[in-house]
Amino acid sequence: MLTDFMVPKYIDLVFDIPADSSFTYRVDDGTRAYVGKRVMAPLGSRSVLGFAVGERDILPPNLKEEAVKPISRVVDKETTFDKRDIELARWVSDYYFCSLGEALAAMIPSGKRSGDYPSFSGNEITTVELPLSEEQEAALAIITTPGGAAFQRSPRFPLFYLYGVTGSGKTEVFLRVAERILKEGKSVIYLVPEISLTMQTADAIGKRFRGIAATLHSGMSPAERFTEWMKIRKGDIRVVVGPRSAVFAPVQNLGLIIIDEEHDGSYKSGNAPRYHARQVAMRRCKVEHARLVMGSATPSVEAWQLMDAAYGAAAGNAAIKRIDLTKRLSGGKTPDIKIVPLTHSDGCLTKELKEEIRKTAAMNRQTILFLNRRGFAYFYHCPDCGFELTCKHCSVSLTFHKARNRAVCHYCGYSETPPEVCPQCGSLKAGYSGFGTESIEEEVRRTFPDLRITRADADTVGGGKHIKETLEDFRNRRFDILLGTQMVAKGLNFPGVRLVGVVLADTGLHIPDFRAAERTFSLIVQVAGRSGRYFPDGKVIVQTLRSTDPIITRACALDIEGFFTAEIAQRAALNFPPWTRLIRFTVRSKDGTRADKAIKRLASIVQPLLPHDSDMLGPAECPLGLIAGNYRYHILLRGKTMSALHEAAGAAASCYDKGKDNQVYLEVDVDPVRVL
C-alpha cells in the first residue's frame with residue numbers, strides 16, 4: 001500500500017472511451033502522479049487525457065515491463081478528484097453501462113485553472129428573506145425537523161417533494177431549507193433544468209448566500225468551470241447552482257440536494273453516460289446521508305405515483321413525502337385560461353389573442369407568446385405529388401429559417417436553399433406551411449408595430465450570457481412582448497406579465513413517444529404559470545387544433561389530479577412506466593443492412609436472458625430511423641424490477657460485444673425518457 005508521501009512506480013489510468021478496463025503506465029522518477037490527478041498519456045498513436053484511478057509498485061501478472069509506456073506529463077498540480085468521486089463514477093459506470101473513464105469525464109470539467117474566477121461577492125450568509133406563508137412554514141418544518149416521522153418513513157434517506165402551484169413560493173422554501181443546512185456546517189447542491197433558470201436562481205442564491213455560492217453551467221468556459229470545481233473541492237464554496245452536471249459537484253459534507261422542476265427531461269443526459277441527475281442525486285444522498293428535496297407544479301408521472309402512496313393505505317411505506325403548496329403569493333392568483341381553436345385563423349394569432357395583446361399593452365403590462373418550435377416554417381409539402389422536403393441525413397423535415405433563407409435540420413445541422421418549385425414535379429403550389437417562433441415574430445411585428453418585441457430561442461440567444469441579458473431586459477420592462485420556446489416556459493418570474501399566449505398547444509402530441517402527453521400537459525401548465533403572478537388578473541390564451549383533446553382541456557383547467565389519474569391508468573394498460581422499468585438498446589450505422597442485422601442478433605441474445613416478469617419490444621426501426629447519416633434500430637427491454645432487467649441487459653451486452661460488427665455502434669439507455 002502506497003502512502004500519500006510516496007511516488008508510485010506505476011499508475012492505472014482510464015480514458016474517455018468505451019473501454020471497460022484501465023491501462024497501466026510507468027511513472028518516471030520525480031513525476032508527481034497520484035490517484036485523483038489528470039495526466040496525458042500515449043494511447044495508440046495519440047496523447048490522450050487520462051484519469052489516475054489506481055497506483056501500484058508491481059505490474060499486473062499479464063503485463064511485461066517492456067510493454068509499459070511512460071505517462072507524457074501530469075496535468076494537475078493538485079488532485080482534481082478523490083476516492084468518493086471515483087466510487088460515484090464506478091456506480092454511474094455500472095448502472096448506466098458506460099466506462100469508468102466516460103463517467104469521470106462527465107463529472108469533471110475539462111479545463112485548467114484560470115486564475116481567480118469570481119464567485120458571488122461578499123463573505124457571509126445574508127438575511128434577505130421573504131415572509132413565509134403558513135403553508136411554507138409547515139413545509140420548512142417538515143423538511144428540516146430531524147428525527148420526525150418523515151425521516152423515519154424512508155429507510156434510505158429523507159426524501160421530500162414540494163408540490164406547489166406556479167407562484168406558490170417553492171423557491172423561498174428551498175432557500176430557507178438550504179440556509180438551515182448551511183448553519184449545520186453542511187453543503188448544498190441546487191439543480192435547475194435550464195441555463196435561463198440557472199441565472200435567475202443564481203441571482204437569488206447570490207443575494208442570500210454571498211461568497212460561499214457558485215454556479216456551474218455550460219455557458220461558462222472550461223477554465224471557469226474548472227476553477228469553480230477546485231474551489232468547491234477545497235470547501236471554499238458550499239452552495240452550488242447548476243443544471244444536471246452540477247449533481248457531481250465535489251462539495252464537502254453534503255447535506256442537501258434540491259431538484260427544482262423535477263419533471264424536466266433535460267435532467268437526463270442524451271450522451272454516454274446517459275445518466276439521470278435525479279437518480280445520481282438519490283445515490284449521493286443515500287451514500288452521503290443527505291436530504292433530497294424535489295419540487296414542481298407538474299411532477300413526473302413516476303414521482304406522482306410514489307407521492308400518491310403517501311395518501312393511501314401504504315403511507316408508512318411511501319418513498320416520497322409529499323408537501324403541498326396550494327396558494328399563489330405576491331398578490332397573484334390562478335390565471336383565467338381560455339381555449340381558442342386555430343382552425344379558422346388566417347395566421348399564427350387568432351382574433352382573441354390579438355385583442356388580449358392590445359388590452360395588455362394598454363394596461364402597461366407584458367405578454368409572453370410561447371411556441372415549442374423555432375424557425376419560420378417547418379413543413380415543405382407539394383399538394384400535387386405529395387413530395388416532402390426532408391433532411392438528406394435524417395428522417396425529419398427541414399425547417400425553413402427565413403432570416404438565413406435556409407432550410408435547416410435541427411438534428412444534424414444540414415441546410416440547403418429552399419426550392420422555388422417542387423423538386424419532384426415542378427409544381428408552383430409546393431411550399432412551406434406550419435410556423436415557428438421566427439414567423440410568429442414577423443406576424444407580431446407586423447400586427448403591433450408600436451410594441452417592443454424580443455425573441456428567446458436557440459437561434460437568438462446563443463450562450464448563457466445572452467439568455468441572461470434577454471430575460472433581464474424583459475423583466476426590466478424594456479420589451480412589451482417576449483416570444484420564446486420552452487426556455488421561457490418554466491420557473492421564470494416576470495412581475496409585469498399579464499398575458500400568456502400558447503400559439504399552438506398540440507405540437508408535441510403527434511410524437512410517437514409514450515411520454516408525449518405528459519410533456520404537452522406539463523408545458524401548457526408551466527407556461528400558463530408565468531401569467532398573473534403578482535396581480536389577480538392573469539390571462540392565458542391557448543390556441544390549438546385539438547380543442548376537445550382531454551390532454552389540452554385538463555391542462556387548461558389545471559386539472560393536475562385528473563390528468564395523472566388518467567395518464568397512470570393508461571400507462572398501466574400499456575404496461576409502461578411507472579408500472580414497469582425500461583432499458584433501451586439502440587444500434588446505429590452508416591450501413592442500414594449492418595444495423596438491421598446487428599439489432600436482430602442482439603435481440604436473439606437478449607430474449608432467452610430476460611427474467612420471467614419481463615418482455616422485449618422490437619427489434620424495430622427507431623421512430624427517427626435516420627439521424628446524421630446513421631440508420632437506427634432499437635429494442636426495448638421492459639420489466640417489473642430494474643435489478644433483474646439490468647442483469648439481463650448487462651449479460652446480453654457482454655455477449656453481443658464479443659462478436660460485434662465494428663461498423664455498428666451500440667447505445668444502452670437505462671430508464672430512457674425518450675424513445676425516438
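Predicted model only: the values in this text are computed from it and were never measured. (Residues numbered from 1 in each chain as written. Predicted model: local features only at pLDDT ≥ 70, side-chain atom pairs only at ≥ 80, totals over all residues. Heavy atoms only, no water.)

A. Highlighting helix α11 (residues 437-447). Buried within α11 are the following residues: Thr437, Glu438, Ser439, Ile440, Glu441, Glu443 and Val444. Here the buried face of α11 lies against α10 (351-362), β14 (366-370), β16 (399-401), β20 (453-456) and β21 (481-484). (Buried < 20%, exposed > 50% of the residue type's maximum accessible area, 1.4 Å probe, protein only. Helix = DSSP H or I, 4+ residues; strand = E, 2+ residues; numbered from the N terminus. Contact = heavy atoms within 4.5 Å.)

B. Local environment of the sheet that holds strand β10 (residues 254-260). Taken in spatial order, the seven strands make up an open sheet running β8-β9-β7-β10-β11-β6-β12, and their pairing is parallel. The strands lining the two open edges of the sheet, one partner per strand, are β8 (213-215) and β12 (321-325). Neighbour to neighbour, the strand axes of the sheet diverge by 15 degrees on average, direction disregarded. (Pairing = 2+ DSSP bridges. Axes fitted to C-alpha atoms, helices over the stretch in contact; angles between N-to-C directions.)

C. Molecular detail of the pairing of strand β3 (residues 38-43). Most of β3 is tucked away, with five of its six residues classed as buried. Two strands pair when backbone bridges link them, and β3 and strand β4 (residues 46-56) are joined in this way by six bridges, in the antiparallel orientation. Across the sheet, residue arginine 38 finds its bridge partner in β4, namely phenylalanine 51. Connecting β3 to the antiparallel partner β4 that follows it, the hairpin turn spans two residues, and glycine 44 within it adopts a positive phi of roughly 65 degrees.

D. A look at the sheet that holds strand β23 (residues 539-544). Reading across from one edge, β13-β23-β22-β14-β21-β20 is the order of the six strands in this open sheet, with parallel pairing throughout. Of all the strands in the sheet, just β13 (336-341) and β20 have a single pairing partner and so form its edges. Mean inter-strand twist for the sheet, computed between neighbouring axes without regard to direction, equals 20 degrees. Those strands touched by α10 are β13, β14, β21, β22 (497-502) and β23, and its axis lies near 160 degrees from that of β22. The sheet strands contacting α11 are β14, β20 and β21, and the helix crosses β21 at an angle near 160 degrees.

E. Quick peek at the pairing of β20. Neither face of β20 is left uncovered, since the one carrying Ile453 and Arg455 and the one carrying Thr454 and Ala456 both have all their residues buried. In this structure, β20 lies alongside β21, joined through four bridges in parallel fashion. Within the sheet, the bridge partner assigned to alanine 456 lies in β21 and is glycine 484.

F. The arrangement of the packing of aromatic side chains in detail. According to the stated counting rule, one finds 15 aromatic pairs in the structure shown. When the centroid spacing of 4.8 Å and the interplanar angle of 85 degrees are considered together, the rings of tyrosine 95 and tyrosine 96 count as edge-to-face. For tyrosine 95, a relative accessible area of 13% corresponds to the buried category. Using a relative accessible area of 2% as the deciding quantity, one classes tyrosine 96 as buried. Measuring from centroid to centroid gives 6.3 Å for tyrosine 380 and phenylalanine 387, while their planes differ by 80 degrees, and the two rings are edge-to-face. The class for phenylalanine 387 is buried, based on a relative accessible area of 16%. (Phe/Tyr/Trp six-rings, centres within 6.5 Å; stacked < 30°, edge-to-face > 60°.)

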